[in-house]
Amino acid sequence: MEDIKSQIRKLRQEAQVAYVGSVNEEGFPQIKGMLVLEHDSIKTHYFSTNTSSKRVKQFLNNPKASVYYVDDTKDKYKGALFTGTMEVCTDRETKAMLWREGFEMYYPKGIDDEDYCVYRFTAETVNYYHGLRNATLSVDEL
């Protein structure tokens, strides 16, 4: 079990892209690839986005979410599906924490741009897949 926990942590730490799942107004799942920028802990994941995006509206209507990290290199396919809730953060402190050089291209007014916000995902469970085996754990077990 410790090996699985270690592999989940490593997979998440090394990922550059995560696939974020939301639920649309009709109840259908929606998936979007997003850059991995910051990890507060294994339980908390952060992403930046446009406040005007359709997923912001989806998360405000239904905060249930998933975040999937994958290593799909040949002979090493591993995936970790985190399930939990997504919060849309518009406070300056959270936006400043995630701000990166170059974001001005997307948010010309800087940190205070009204079209810049941050997703804070709080995981409850993780399902890890590797070598034809699945393991589901509470995030608190990690």
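All values reported here derive from a predicted model rather than from experimental measurement.

Calculation notes
Residues numbered from 1 in each chain as written. Predicted model: local features only at pLDDT ≥ 70, side-chain atom pairs only at ≥ 80, totals over all residues. Heavy atoms only, no water. Helix = DSSP H or I, 4+ residues; strand = E, 2+ residues; numbered from the N terminus. Rg over C-alpha atoms; globule rule 2.2 N^0.38 Å. Patch = residues over 30% accessible without salt bridge, like charges linked within 9 Å, V, L, I, M, F, W, Y side chains within 5 Å. Areas by Shrake-Rupley, 256 points an atom, 1.4 Å probe, with all protein chains shown as cover. Salt bridge = Lys/Arg side-chain N within 4 Å of Asp/Glu carboxyl O. Pairing = 2+ DSSP bridges. Buried < 20%, exposed > 50% of the residue type's maximum accessible area, 1.4 Å probe, protein only. Arc of directions from axis to C-beta. Contact = heavy atoms within 4.5 Å.

Caption draft 1: Molecular detail of the overall build of the protein chain. Counting its regular elements, the protein chain contains three helices and eight strands. Reading the protein chain from its N terminus to its C terminus gives the helix and strand order α-β-β-β-β-α-β-β-α-β-β. Rg of the C-alpha trace for the protein chain: 16 Å, near the compact-globule value of 14 Å for 142 residues, within the 12% margin. Referenced to the eigenvectors of the C-alpha coordinate spread, the extents of the protein chain come out at roughly 45 × 35 × 30 Å.

Caption draft 2: Just a nonpolar patch on the surface, in detail. On the surface, Val17, Tyr19, Ile31 and Leu35 cluster together into a nonpolar patch covering about 380 Å² of accessible area. Elements represented by at least two residues in the nonpolar patch include exactly strand E1 (17–23) and strand E2 (29–35). By secondary structure assignment, the location of leucine 35 is in strand E2.

Caption draft 3: Broad picture of the pairing of strand E5 (residues 64–71). With three bridges joining them, E1 and E5 adopt antiparallel strand pairing. Paired with tyrosine 19 across the bridge in E5 is tyrosine 68. Relative to strand E6 (residues 78–89), E5 runs antiparallel, the two being bridged by eight bridges. Its bridge partner being in E6, tyrosine 69 is matched across the sheet by alanine 80.

Caption draft 4: Structural context of helix H2 (residues 54–61). Of all the residues in H2, the buried ones are Arg55, Val56, Gln58 and Phe59. Mapping the buried residues of H2 onto a view down its axis gives an arc of 160 degrees, with all of them on the same face. In H2, the exposed positions angled more than 90 degrees off the buried face are occupied by Lys54, Leu60 and Asn61. Next to the buried residues of H2 lie E1, E2, strand E4 (44–50), E5, E6 and strand E7 (116–130).

Caption draft 5: Structural view of the pairing of E7. As judged from the seven bridges shared by E4 and E7, these two strands associate in the antiparallel manner. By the bridge assignment for E7, serine 48 is matched with valine 118. Direction of pairing for E6 relative to E7: antiparallel, over a ladder of 12 bridges. Bridging from a neighbouring strand, cysteine 89 pairs with valine 118 of E7. Relative to strand E8 (residues 133–138), E7 runs antiparallel, the two being bridged by six bridges. The residue of E8 that forms the bridge with histidine 130 is arginine 133.

What is shown is where atoms sit, not what they do.
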